Number of protein chains: 2
Amino acid sequence: MALLERAQALEAAGHDILHLEVGEPDFPCAAPIMDAARRALDRGQTRYTPAAGLPALREAIARDYRDRLGASVSPAQVVVTPGASGALQLIMGALLNAGDEVLLCDPGYPCNRQFVTLFGGVPRPLPLRPEDGFRLTADTLEAAWTERTRVAMVASPDNPTGNRTDGAGLARLARDCRARGGTLVVDEIYQGLCYGAPADTVLRHGDEAVVINSFSKYFGMTGWRLGWLVAPQAWVPAIERLAQNWFLAPSTVAQHAAMAAFGEESLAIAEQRRQLLDRRRTLLMEALPGMGLPVVGGAEGAFYLYLDVSAHTDDSFAFCRDLLERTGVALTPGLDFGAHHHPERYLRLAYTCEESRLHEALERLRAYLERP
Amino acid sequence: MALLERAQALEAAGHDILHLEVGEPDFPCAAPIMDAARRALDRGQTRYTPAAGLPALREAIARDYRDRLGASVSPAQVVVTPGASGALQLIMGALLNAGDEVLLCDPGYPCNRQFVTLFGGVPRPLPLRPEDGFRLTADTLEAAWTERTRVAMVASPDNPTGNRTDGAGLARLARDCRARGGTLVVDEIYQGLCYGAPADTVLRHGDEAVVINSFSKYFGMTGWRLGWLVAPQAWVPAIERLAQNWFLAPSTVAQHAAMAAFGEESLAIAEQRRQLLDRRRTLLMEALPGMGLPVVGGAEGAFYLYLDVSAHTDDSFAFCRDLLERTGVALTPGLDFGAHHHPERYLRLAYTCEESRLHEALERLRAYLERP
């Protein structure tokens, strides 16, 4: 966060900053989605919707699970939310009592813990091992589980490692959690952004997990603040009441815009962008290891590479700060994602800017690493 | 809630339902606001904004306080939020620890308590007295305050009574709260919808209160989900961090649309609508007392009348249910707004539909009350 502010300050002062720290792709929102938003405005569709979202959008989401992912999901299991943030708040609110423990992957997305503590829950680490490629395994889950554990969270594809856990493996972990009286929450907000293997969902392999998702990443709808969750149908009335109380409803125009996300043209644009991201990823993965920056984790999804920088420093935060000051290349230190297994050895690179900028970043990085 | 669902079911079955229970005016979102949304789409303004909102919108809100209400508010005191709901969550999150007590007006808006319990706070009633016209007085506040009280909430104009408390009086209450080590939160989401007196804000008379507000009611932007809060500047960095963690940011298109709300043309439309609401209110206030339905509370703001129905029933819930079944007129029983001072004597009428429908409602109501 301090580095992000510093990068913005340097930019404001006229420096050319290469933003490899930003978790928001550089693509504009796709034209069919924007057109759907315009149509909603022309029709005056700006009044409240039901708390769980427009029935037509819940159906479209369920249909997309079937058509594109081969998963059987009922519209009655889907709750549309103000961003994945809203989905996280609802799920934690529905599942947690004060003192309940929630297992969070370390490394992992740092904001998740906020939704645990919001309900008096206690975040506990699931320390992922470098030797497992920072993947969640059944024995890591078992070792961390206590009698106070109610929820475990995992993301696939993952931030910061880009790890993609196959759906069948996640479904097994979900059954393990259920057998212990808890719930696995799978963050699939980067679903669709997979490289080398088709997108998958834990929901294709069972109905024990709760899933959160978002229109932000794959569909490029960040500023619209729209997400969803999929939960066992029996839980939905309670979740709907919480949504009614806390949010009233998600944004109406955003919901009408999102209806177009699953259309043929939008999906073709999303696929094109996935291919562009894959090219960026390949470009970086070919260059970085030769610079003494091996990629750890799978890098099979999202738009992140988790890099081992220990050949150059024993303090990746200091490395990032110095790199930013000297070269204008902004990266995110491992400390932002966890505390276990030596985060000071790692940093995250987000390939959210175009190839020419990535080439420029690689050159500056190379010159920095080769400086006398 | 049960009555709302029943009204919707009857409507779906083909009955002509007169919705005097809905807290959403029937006006469409004003054209200049819609045009601003279109321009934002044309410019591709759909990416994340800062967590506290676009700086230009924070400035526009502060300027509107000065120009239209004569209050001195710095943009740095303003945090733009996903609806007033988001503002409530932020304020309660910033002020409450588990076990802290929050005083809520009874009768009052029922969802407020959800944001208290969200943080382990304990909602306590501020029982407003019929003999005070259901207004909050200094001695009611003093009598309810305990050493565990951290926050008191009051709305002006108020739901369900339409009471408008003058800003100077609220500022005195805010100082009383501050002197006791607590904070007065003033819900001004109906600000601007005032009849017989100009709109006011507690912020014109001091800086001790925290204010929440919304673009939903006066500016007719319900489905856009956009609100704001005004807090002492020293609190804003902490509130901003909570907003970053919980919401990331409010909807970007909604924020650009809202920039047009304070323009001359939008304000003229809002004023026109206020006058229309005032005509509806006058029409009802002339007819209802003669039908044995006296208006209690001030009815000087918002779009609600709180009616004493005790001449006809000792159970306003049963009255509302029977009235709905027999006549299709939907109203809200007093029980939805509180538990003290005999809510079963009262019901709320929302004049959110046009005059011809109100005439029709009055006729059905008259026939119902005069039935043998």
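Because the structure is a prediction, the values reported are computed rather than measured. Every residue gets a number counted from 1 within its own chain, in the order that chain's sequence is written. All chains are assigned letters beginning at A, and all ligands numbers beginning at 1, according to the order in which they are written. pLDDT decides what is reported in this predicted model: residues at 70 or higher carry local features, side-chain atom pairs at 80 or more are listed and counted, and totals for whole chains, interfaces and linings draw on all residues regardless. To obtain the side-chain values, all non-hydrogen atoms of the structure were used and water was disregarded.

1. A look at the overall build of chain A
Within chain A one finds 12 helices and 13 strands. Computed over the C-alpha atoms, the radius of gyration of chain A is 21 Å, within 12% of the 21 Å expected from 2.2 N^0.38 for a compact globule of 372 residues. Taken along its principal axes, the extent of the C-alpha atoms in chain A is 65 × 55 × 35 Å. The buried share of chain A, reckoned over its 372 residues, is 61%. Every helix listed is a DSSP run of H or I at least four residues long, and every strand listed is a run of E at least two residues long, numbered separately from the N terminus. The globule rule used here is 2.2 Å times the number of residues to the 0.38 power, and the radius of gyration it is set against is calculated over C-alpha atoms. Any residue under 20% of the maximum accessible area for its type is buried, any over 50% is exposed, and the rest in between are partly exposed; the area is computed with a 1.4 Å probe on protein chains only.

2. Some words on the pattern of salt bridges
Residues and elements named next belong to chain A. When a carboxyl oxygen of Asp or Glu lies within 4 Å of a side-chain nitrogen of Lys or Arg, that pair is called a salt bridge. Taken as a whole and assessed by the stated rule, the structure comprises 38 salt bridges over all chains. Where Arg204 meets Asp200, a salt bridge forms, and the shortest distance between an N and an O atom there is 2.8 Å. Taking the relative accessible area as the measure of exposure, Arg204 reaches 43% and is therefore partly exposed. You can call Asp200 buried: its relative accessible area is 14%. Between Asp322 and Arg326 there is a salt bridge, with the nearest N and O atoms lying 2.9 Å from each other. Residue Asp322 and its partner Arg326 are located together in helix α11 (residues 316-327), separated by four residues, close to a single helical turn.

3. A short note on the relation of the copies chain A and chain B
Copies are brought into register by a least-squares superposition over C-alpha atoms of residues with pLDDT of at least 70 in both. For these two chains of identical sequence, chain A goes onto chain B by a turn of 180° and a shift of 0.0 Å along the axis, with RMSD 0.0 Å. Each copy turns onto its partner about a two-fold axis. Between two residues, a contact is recorded if the distance between any of their heavy atoms is within 4.5 Å. A shared binding surface is used by both copies, with 100% of the interface residues of chain A retained as interface residues in chain B.

4. Here's the deal with the interface of chain A and chain B
At the junction of the two partners, chain A supplies 39 residues and chain B supplies 39 residues. Of all residues in chain A, Leu41, Arg47 and Tyr48 of chain A bury the most surface against chain B, accounting for 19% of the area lost on that side. Across the chain A-chain B interface, the total number found is two salt bridges. Between Asp42 of chain A and Arg38 of chain B there is a salt bridge, with the nearest N and O atoms lying 3.0 Å from each other. Pairs of N or O atoms within 3.5 Å make up the polar contacts considered here, provided that, within protein, one atom can donate a hydrogen while the other can accept it, and that residues adjacent in sequence are counted only when both atoms are side-chain atoms. Put simply, chain A and chain B have 19 residue pairs in polar contact (both at pLDDT 80 or more) between them. Every element with two or more residues in the side of chain A that touches chain B is listed here: α2 (31-42), α4 (83-95), α5 (112-117), α8 (236-247) and α9 (252-258) of chain A. The element contributing the most residues to the side of chain A that touches chain B is α2 of chain A, with five residues. Of the residues assigned to the side of chain A that touches chain B, the class counts are 20 nonpolar, 12 polar and seven charged. What gets called buried area is simply the loss in accessible area from a 1.4 Å probe that two parts show on being joined, summed for both. Amino acids are sorted into nonpolar (Ala, Val, Leu, Ile, Met, Phe, Trp, Tyr, Cys and Pro), charged (Asp, Glu, Lys and Arg) and polar (every other residue, Gly among them).

5. Description of the UniProt feature "domain: Aminotransferase class I/classII large" (unreviewed entry) in chain A
Sites flagged by UniProt as "domain: Aminotransferase class I/classII large" (unreviewed entry) map to residues 16-365 of chain A. For residues 16-365 of chain A, the end-to-end C-alpha separation is 14 Å, with 38% helix and 16% strand making up the annotated structure. UniProt positions are given in the numbering used here, feature names are shortened, and annotations may be inferred rather than shown by experiment.

6. Some points on the nonpolar core
We define a nonpolar core as any set of buried Ala, Val, Leu, Ile, Met, Phe, Trp, Tyr and Cys residues linked to one another through side-chain atoms lying within 4.5 Å. In terms of nonpolar packing, the biggest core is built from 261 residues, with Phe215 and Trp224 of chain A together with Phe215 and Trp224 of chain B touching the most fellow members. Excluding residues that lie within four positions of it along the chain, Trp224 of chain B makes contacts with Leu41, Thr46, Ser251 and Val253 of chain A together with Cys29, Met34, Ala37, Val253, Ala254 and Ala257 of chain B.

7. Overview of the sheet that holds strand β4 (residues 122-127) of chain B
Whether parallel or antiparallel, the strands of a sheet pair through hydrogen bonds between backbone atoms. All names here are of chain B. Should DSSP find at least two bridges between two strands, the strands are regarded as paired. Within the open sheet, the seven strands sit side by side as β2-β8-β7-β6-β5-β3-β4. Their pairing is mixed. Here the strands that pair on one side only, and so sit at the sheet edges, are β2 (78-81) and β4. Neighbouring strand axes in the sheet, compared pairwise and without regard to direction, differ in orientation by 25° on average. Across five bridges, the pairing between strand β5 (residues 149-155) and strand β6 (residues 183-187) is parallel. If you follow Ala152 over to β6, its bridge partner there is Leu184. Comment: axis = line fitted to C-alpha atoms, over the contacting stretch for helices; angle = value between 0 and 180 degrees taken between N-to-C directions. Relative to the sheet, helix α7 (residues 167-179) contacts β5 and β6, its axis offset from that of β6 by approximately 150°.

8. Quick word on the pairing of β4 of chain B
With six bridges connecting them, strand β3 (residues 101-106) of chain B and β4 of chain B associate as parallel partners. The residue bridging Glu101 of chain B from the neighbouring strand is Val122 of chain B, located in β4 of chain B.

9. Thoughts on the packing of helix α4 (residues 83-95) of chain B against helix α8 (residues 236-247) of chain B
Residue and element names in this part refer to chain B. Where α4 contacts α8, the axes come no closer than 10 Å and their chain directions differ by 125°. Classified by the angle their axes make, α4 and α8 are oblique. For the crossing formed where α4 meets α8, the hand is right-handed. Between α4 and α8, the residues in contact are Gly86, Gln89, Leu90, Ile91, Gly93 and Ala94 and Ile239, Leu242, Ala243, Trp246 and Phe247, respectively. Among the residues making up the contact of α4 with α8, the classes are represented as eight nonpolar, three polar and no charged. Angles are sorted into four bins: roughly parallel if under 35 degrees, roughly antiparallel if over 145, roughly perpendicular if 65 to 115, and oblique for all others. We call a crossing left-handed when the near helix sits turned anticlockwise from the far one by less than a right angle, and right-handed when that turn is clockwise.

10. Looking at the packing of aromatic side chains
All names here are of chain A. For Phe, Tyr and Trp, where Trp contributes only its six-membered ring, two rings pair if their centres lie within 6.5 Å, and the inter-plane angle classes them as stacked under 30 degrees, edge-to-face over 60, or tilted in between. Counting across every chain of the model gives 34 aromatic pairs over all chains. The interplanar angle of 65° and the centroid separation of 5.1 Å between the aromatic rings of Tyr218 and Phe219 together place this pair among those described as edge-to-face. Grouped by ring-pair contacts, the aromatic residues Tyr65, Phe215, Tyr218, Phe219, Trp228 and Phe262 constitute a single cluster. The criterion is that NZ of a Lys, or CZ of an Arg, lies within 6 Å of the ring centre and within 35 degrees of the ring normal, and then a charge sits over that ring. Its guanidinium or amino end placed over the ring of Tyr368, Arg371 lies 4.0 Å from that ring's centre, counting from NZ or CZ.

11. Regarding the pairing of strand β2 (residues 78-81) of chain A
Residue and element names in this part refer to chain A. A two-sided burial pattern is seen for β2, the buried positions comprising Val78 and Val80 on one face and Val79 and Thr81 on the other. Summarising the sheet, β2 and strand β8 (residues 227-230) pair through four bridges and their orientation is antiparallel. Residue pairing for β8: Val79 is matched across the bridge by Leu229.

12. Considering the side chain of Arg274 of chain A
Following the sequence through the fold, Arg274 of chain A ends up in helix α10 (residues 264-287). For Arg274 of chain A, the side chain forms a polar contact with the main-chain oxygen of Cys194 of chain A, separated by 2.8 Å.

13. Comments concerning the sheet that holds strand β10 (residues 304-308) of chain A
Residues and elements named next belong to chain A. Judged by pairing direction, the sheet is antiparallel, and its four strands sit side by side in the order β9-β10-β13-β12 without closing on themselves. The two strands at the open ends of the sheet, each matched to only one other strand, are β9 (295-296) and β12 (332-333). Pairing of β12 with strand β13 (residues 346-350), which is carried by two bridges, proceeds in the antiparallel orientation. Residue pairing for β13: Thr332 is matched across the bridge by Arg348.

14. Considering the environment of Arg279 of chain A
Residue and element names in this part refer to chain A. Locating Arg279 in the fold gives a position in helix α10. The class of Arg279 is exposed, set by a relative accessible area of 54%. Residues Arg279 and Trp145, spaced 134 residues apart in sequence, show a C-alpha to C-alpha distance of 39 Å.

15. Focus on the domain arrangement of chain A
Residues and elements named next belong to chain A. Where each domain starts and ends comes from a domain assignment, either automatic or drawn from a database. Once the domains are mapped, chain A shows domain 1 (2-29 + 266-369) and domain 2 (31-263). Look at where the C-alpha atoms of domain 1 and domain 2 centre, and you get two points 26 Å apart. Opposite the 33 residues of domain 1 that make contact, domain 2 presents 41 residues. Overall, the association of domain 1 and domain 2 removes approximately 3,000 Å² of surface from exposure, summing both partners, and the carbon and sulfur fraction of that is 59%. In terms of surface lost to domain 2, no three residues of domain 1 exceed Cys29, Leu267 and Glu300, which account for 23% of the buried area on that side. Counting across the interface, domain 1 meets domain 2 through one salt bridge. Of the charged contacts in the structure, one is a salt bridge between Arg135 and Glu300, with a shortest N-O distance of 3.0 Å. One can count 20 residue pairs in polar contact (both at pLDDT 80 or more) joining domain 1 with domain 2.

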